[in-house]
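Letter by letter, the chains look like this.
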Amino acid sequence: MKNKIKNIYIGLFVIVSSLSCGILSKSQKATTSFSVSGKCEMCTNRIVQSLDLKDIYSSYYDLKAQKVFITYNALVYKEDQLHNIIAAVGHDTEKVKADNIVYSNLPDCCKYREE
Ligand SMILES: [Cu+2]
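Definitions and limits used
- Residues numbered from 1 in each chain as written.
- Predicted model: local features only at pLDDT ≥ 70, side-chain atom pairs only at ≥ 80, totals over all residues.
- Helix = DSSP H or I, 4+ residues; strand = E, 2+ residues; numbered from the N terminus.
- Buried ≥ 20, exposed ≤ 12 C-beta atoms within 10 Å, placed from the backbone.
- Contact = placed C-beta atoms within 7 Å.
- Pairing = 2+ DSSP bridges.
- Axes fitted to C-alpha atoms, helices over the stretch in contact; angles between N-to-C directions.

**Examining the overall build of the protein**
- Counting its regular elements, the protein contains 4 helices and 3 strands.
- Listing every helix and strand of the protein by position from the N terminus yields α-β-α-β-β-α-α.
- The buried share of the protein, reckoned over its 115 residues, is 19%.
- The long-range share in the protein, meaning contacts at least 24 apart out of those at least 6 apart in sequence, stands at 56%.

**Details of the environment of Ile86**
- When you line up the elements, Ile86 lands in helix H3 (residues 79–88).
- Taking the C-beta count within 10 Å as the criterion, Ile86 has 28 such neighbours and is therefore assigned buried.
- Beyond its immediate stretch of four places on either side in the chain, Ile86 contacts Val36, Ile47, Ser50, Val68, His91 and Thr93.

**Some words on the pairing of strand E1 (residues 29–35)**
- Counting buried positions over the 7 residues of E1 gives 0, only a small fraction of the element.
- Looking at chain direction, E1 and strand E3 (residues 67–73) are connected through 7 bridges and run antiparallel. Counted as the bridge partner of Lys29 is Asn73 from E3.

**Concerning the sheet that holds strand E2 (residues 56–62)**
- If you walk across this open sheet you meet the 3 strands as E1-E3-E2, and the pairing is antiparallel. With one partner strand each, in any of the chains shown, E1 and E2 form the two edges of the open sheet. On average, adjacent strands in this sheet sit at an angle of 10° to one another, irrespective of strand direction.
- For E2 and E3, the ladder comprises 6 bridges, and the chain directions are antiparallel. Within E3, the residue paired with Tyr60 across the bridge is Phe69.

**Let's talk about H3**
- Those residues of H3 not exposed but buried are Leu82, His83, Ile85, Ile86 and Ala87.
- Elements that come into contact with the buried residues of H3 comprise E1, helix H2 (41–50) and E3.
- The first or second residue beyond H3 is Gly90, which carries a positive phi of 110°.

Here it is, written out as structure tokens:
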């Protein structure tokens, strides 16, 4: 009898804690990857640093493949915003072209566009 009551308590605890987790955590982990233009190690650092933000859990830029891989909170960021963040530091993505002025301010070694 005592065991039965104990089991009910444990069951309730599990239900309540899983419910509150769902409400409180407000996190929906998502992963994406897309093409980003870059040319050297400095570009890699610039791209990764631009993504060093709250609710972006990890980012990796594959220079050879010209691709970025991002794990982020999909309740906070839409994928378009990730494109904008990278374009804002001067790197074209497959969806968003970096502003010409920002691009022209990149060091010469980072100029990835064909002149
Ligand atoms: Cu560079």
